[in-house]
Amino acid sequence: MQEISPALNAFVVWIAMGGTVAFAVTAVLAVAPKGIDLFGACIMGIITAVGGGTIRDVILDVPVFWASDLSYIWVALGASVIAYYAQQMMASKHVYGLMLYLDGIAVAMFAIQAASKVVAQEFGVPLAPILLGIVTAIGGGLIRDVLSGNETLLMKKELYAVPVTLGTVIYVVALPYFPESEVALGTVCALIIFAIRAAAIRWNLSVPDWAIIKLGGN
Amino acid sequence: MQEISPALNAFVVWIAMGGTVAFAVTAVLAVAPKGIDLFGACIMGIITAVGGGTIRDVILDVPVFWASDLSYIWVALGASVIAYYAQQMMASKHVYGLMLYLDGIAVAMFAIQAASKVVAQEFGVPLAPILLGIVTAIGGGLIRDVLSGNETLLMKKELYAVPVTLGTVIYVVALPYFPESEVALGTVCALIIFAIRAAAIRWNLSVPDWAIIKLGGN
Amino acid sequence: MQEISPALNAFVVWIAMGGTVAFAVTAVLAVAPKGIDLFGACIMGIITAVGGGTIRDVILDVPVFWASDLSYIWVALGASVIAYYAQQMMASKHVYGLMLYLDGIAVAMFAIQAASKVVAQEFGVPLAPILLGIVTAIGGGLIRDVLSGNETLLMKKELYAVPVTLGTVIYVVALPYFPESEVALGTVCALIIFAIRAAAIRWNLSVPDWAIIKLGGN
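Residues numbered from 1 in each chain as written. Chains lettered and ligands numbered in written order. Predicted model: local features only at pLDDT ≥ 70, side-chain atom pairs only at ≥ 80, totals over all residues.

Brief notes about the overall build of chain A
Quick reminder of the rule: By definition, any uninterrupted DSSP run of H or I lasting at least four residues is a helix, any uninterrupted run of E lasting at least two residues is a strand, and each is numbered from the N terminus. In this setup the radius of gyration rests on C-alpha atoms only. A globule is expected at 2.2 Å times the number of residues raised to 0.38. Counting other C-beta atoms within 10 Å of a residue's C-beta gives its exposure: the residue is buried at 20 or more, exposed at 12 or fewer, and partly exposed in between, where C-beta atoms are placed from the backbone. We call two residues in contact whenever the C-beta atoms placed from their backbones are within 7 Å.
If you tally the helices and strands in chain A, you get 9 helices and 0 strands. Reading the helices (α) and strands (β) of chain A from amino to carboxyl end gives α-α-α-α-α-α-α-α-α. Whereas a compact globule of 218 residues would reach a radius of gyration of roughly 17 Å, chain A reaches 17 Å, a difference of no more than 12%. With the C-alpha coordinates of chain A rotated into their principal frame, the extents come out at 50 × 50 × 30 Å. For chain A, buried positions account for 50% of its 218 residues. Relative to all contacts within chain A whose residues are 6 or more apart in sequence, the contacts with residues 24 or more apart total 74%.

Structure below.
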């Protein structure tokens with residue numbers, strides 16, 4: 001792994017915290033319409049924010065990332081409380097839109113970051129980094145949907161898992177060819193994920209019908 | 001951790017077994033109305049009884065508590081079988097009420113016990129003990145609800161997660177100020193949880209509407 | 001553990017791969033009617049194929065089985081893609097029936113294999129090998145049902161968990177009496193599971209009503 005400058009590192013931490021905020025806020029807004037109390041909202045926000053990375057670390061058999069740096073949970077907790085009390089404002093078109101884009105950045109960055117972590121551990125390359133990148137990015141959201149009784153994002157036509165998968169696959173496949181440029185490659189792949197995600201949010205794109213084979217009848 | 005007398009220890013074990021019985025029985029009674037067979041009922045009972053503690057131990061990366069002491073699973077299995085065949089009796093107002101109170105004791109004790117275990121491992125204090133205390137107490141019930149297709153307790157107005165969170169927070173926050181009185185403090189906090197839970201069962205209390213912000217419309 | 005001949009070992013690997021195919025294919029066919037895209041289908045197929053064994057390994061605290069041998073995931077991925085594009089053909093009565101029987105073989109073999117693995121680690125014998133055998137066999141299917149919003153197999157009257165439990169219990173209980181014949185005993189128990197499963201598929205057997213106590217009313 002190449003040397004990372006302190007400035008870049010600070011940038012990555014800021015993005016991670018922004019992503020954590022976005023995950024927690026979108027979680028609270030997703031379950032709020034069903035009428036949840038503050039405690040439930042905070043638990044949902046925290047689980048969504050750290051759930052995916054926790055599954056990844058448990059499967060890798062490394063200490064969960066939030067045990068040594070509690071700021072992820074503090075930030076998720078704070079964001080959940082604020083989102084709960086500011087639902088009306090947060091759900092306004094502009095703020096919610098901002099959160100969706102921030103969630104897109106978070107998903108992109110967490111997927112690539114996780115894939116990079118798994119590759120660094122030489123754990124089941126190339127499939128495991130791809131799988132665990134996807135799990136890290138969407139796992140928290142899946143748990144949130146299951147616990148709140150919403151349809152999971154895997155069953156929706158929204159372009160969500162598709163760009164995450166695409167970017168993570170490109171990253172892991174291309175990495176051996178650019179060993180010196182891991183950070184640049186990761187940034188490009190995260191941008192690919194985010195670009196598709198942002199286009200999907202902006203123009204309300206979904207997986208096109210012709211790409212979905214639906215078994216007739218039931 | 002201060003010396004614990006054998007008598008107190010035996011008391012704690014009895015409570016833990018009572019709690020395991022309560023978790024298994026309430027699980028079987030919760031899924032029974034949907035028509036489940038004996039095997040399914042036993043699996044539900046066991047998962048509910050040991051699920052929360054299993055998630056805690058996996059995240060802590062310590063051996064799961066039931067591997068070295070199978071009595072937890074034997075007790076959960078036995079209680080599930082009895083509950084299955086005695087549903088009518090168990091579901092009678094008096095017995096089911098008793099089970100609810102026993103479940104309240106179990107939730108209170110398991111939450112504090114788990115928080116204490118996590119603090120002893122110096123694992124992400126203070127947030128991780130609180131989170132894992134809550135997960136230990138309600139995790140099994142969440143898995144039960146998800147597997148049986150019931151609304152999870154996080155989405156209900158029942159006063160369940162709230163007292164658990166409250167008691168666990170008080171315990172973890174107060175612990176540094178009473179290092180010599182861990183057992184006394186834990187007992188007090190477990191009693192706080194149980195008292196609120198018991199009041200909620202007795203007078204059918206729920207999270208008051210004014211404390212729940214529901215987003216109008218959808 | 002007795003010496004295993006290379007021929008037997010190759011046989012076991014072929015069965016495991018066939019089972020992985022069956023798990024992935026039946027998963028894709030189970031979620032396809034709801035309209036899922038290719039990426040979602042692949043994720044569902046892979047999770048179903050390796051989910052149960054992953055939970056087992058995480059609880060045992062051993063490296064997950066697919067990290068060192070990615071062929072399980074490659075096979076699940078390939079089978080998912082083929083199943084997705086060949087849904088019409090796969091869902092035809094004959095092919096789907098074949099998949100159901102293959103799934104029956106897989107469930108039987110994975111349950112016994114897992115129980116044997118847990119016994120070999122002297123982990124919570126006799127209850128843990130039974131429990132983890134069941135979890136390995138049906139865990140992936142449970143996750144699939146939960147993520148796709150289908151009723152989980154624990155709530156259905158289908159004879160699925162029952163034969164798995166029966167065969168695994170016989171295996172673990174009988175093992176100490178036949179220490180020299182582990183493979184033979186395992187084969188017999190897997191055949192018991194498969195025989196009941198096959199009969200259930202062939203004659204559409206379900207858990208008989210009289211064996212299910214349904215609480216009147218709600």
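Here's the deal with the interface of chain B and chain C
Definition in use: Each residue gets one label: Ala, Val, Leu, Ile, Met, Phe, Trp, Tyr, Cys and Pro are nonpolar, Asp, Glu, Lys and Arg are charged, and the others, such as Gly, are polar.
Each side of the interface is counted separately: chain B has 28 residues, and chain C has 25 residues. Sorting the residues of the side of chain B that touches chain C by element identifies α2 (38-60), α3 (65-68), α4 (71-85) and α7 (127-148) of chain B as the ones contributing at least two each. With 8 residues, α2 of chain B is the largest single contributor of residues to the side of chain B that touches chain C. Grouping the constituent residues of the side of chain B that touches chain C by class yields 20 nonpolar, 6 polar and 2 charged.

Overview of helix α9 (residues 182-202) of chain B
Residue and element names in this part refer to chain B. As a reminder of what qualifies: Take the number of residues in a helix, subtract one, and multiply by 1.5 Å to get its expected span. Starting at the helix axis, one direction is taken to each C-beta atom, and the arc is that of these directions.
Between its terminal C-alpha atoms α9 stretches 30 Å, which fits the 30 Å expected from 21 residues at 1.5 Å a residue. Of all the residues in α9, the buried ones are Gly186, Cys189, Ala190, Ile193, Ile196 and Arg197. Taken end-on, α9 shows its buried residues confined to a sector of 125°, consistent with a single buried face. Away from its buried face by more than 90 degrees, α9 exposes Ala184 and Arg202. Considering only its buried residues, α9 is in contact with α6 (93-120) and α8 (161-174).

Re the relation of the copies chain B and chain C
Applicable threshold: A least-squares fit on C-alpha atoms brings the copies together, and the residues used are those whose pLDDT is at least 70 in both copies.
Under the fitted operation, chain B is carried onto chain C by 0.0 Å of movement along the axis and a turn of 120°, and the coordinates agree to an RMSD of 0.0 Å. Viewed as a symmetry operation, the transformation between the two copies matches a three-fold axis. A share of only 7% of the interface residues of chain B reappears at the interface of chain C, consistent with the copies meeting through non-equivalent patches.

Regarding helix α2 (residues 38-60) of chain C
Residue and element names in this part refer to chain C. Formally: Throughout, the bend at a residue refers to the angle made by two axes, fitted to the seven residues ending there and to the seven starting there.
In this model α2 runs 33 Å from its N-terminal to its C-terminal C-alpha over 23 residues, within 8% of the 33 Å that 1.5 Å per residue would give. The sharpest bend along α2 measures roughly 45° and falls at valine 50. Burial analysis of α2 places 21 of its 23 residues in the buried class, the great majority of the element. Of the residues flanking the end of α2, it is aspartate 61, one or two places downstream, whose phi is positive at about 60°.

Quick look at the confidence of the model for chain A
Cut-off, in case you're wondering: Values of pLDDT, ranging from 0 to 100, describe the predictor's confidence in every residue of the model.
Scored by pLDDT, chain A comes out at a mean of 87, with 93% of its residues at no less than 70. Here the predicted complex carries an ipTM of 0.88, next to a pTM of 0.91.

Some points on the relation of the copies chain A and chain B
Between chain A and chain B, which share one sequence, the superposing operator has a rotation angle of 120° and an axial displacement of 0.0 Å; the RMSD is 0.0 Å. Different-surface contact between copies: only 7% of interface residues of chain A are shared with the interface of chain B.

Focus: the interface of chain A and chain B
In this complex, chain A contributes 28 residues to the contact, which on the side of chain B involves 25 residues. For the side of chain A that touches chain B, the elements supplying multiple residues, two or more each, are α2 (38-60), α3 (65-68), α4 (71-85) and α7 (127-148) of chain A. When the residues that make up the side of chain A that touches chain B are grouped by side-chain class, the tally is 20 nonpolar, 6 polar and 2 charged.

Some words on the packing of helix α7 (residues 127-148) of chain C against helix α8 (residues 161-174) of chain C
Residues and elements named next belong to chain C. What counts here: Think of each axis as a best-fit line through the C-alpha atoms, taken over the contacting stretch in the case of a helix, with angles from 0 to 180 degrees between the N-to-C directions. For any pair of crossing helices, the crossing counts as left-handed if the nearer helix is rotated counterclockwise from the farther one by less than a right angle, and right-handed if it is rotated clockwise.
Remark: α7 packs on α8, axes separated minimally by 9 Å, with the N-to-C direction vectors making an angle of 145°. Relative to α8, the crossing made by α7 is right-handed. Each of Pro129, Ile130, Gly133, Ile134, Ala137 and Ile138 in α7 lies in contact with α8, whose residues at this interface are Ala161, Val164, Thr165, Thr168, Val169 and Val172. In terms of residue class, the contact of α7 with α8 is made up of 9 nonpolar, 3 polar and no charged.

Some words on the environment of serine 92 of chain C
With respect to the secondary-structure elements, serine 92 of chain C resides in the loop between α5 (87-90) and α6 (93-120). Separated by 85 residues in sequence, serine 92 of chain C and alanine 7 of chain C place their C-alpha atoms 34 Å apart.

Re unusual backbone geometry
Look at the link from valine 125 of chain B to proline 126 of chain B: it is a cis peptide, with omega at 5°. We note that glutamate 122 of chain A has phi near 50°; this positive angle belongs to a residue other than glycine. Relative to the assigned elements, glutamate 122 of chain A resides in the loop between α6 (93-120) and α7. The phi angle at aspartate 61 of chain B is positive, at roughly 60°, despite the residue not being glycine. Mapped onto the elements, aspartate 61 of chain B comes out in the loop between α2 and α3.

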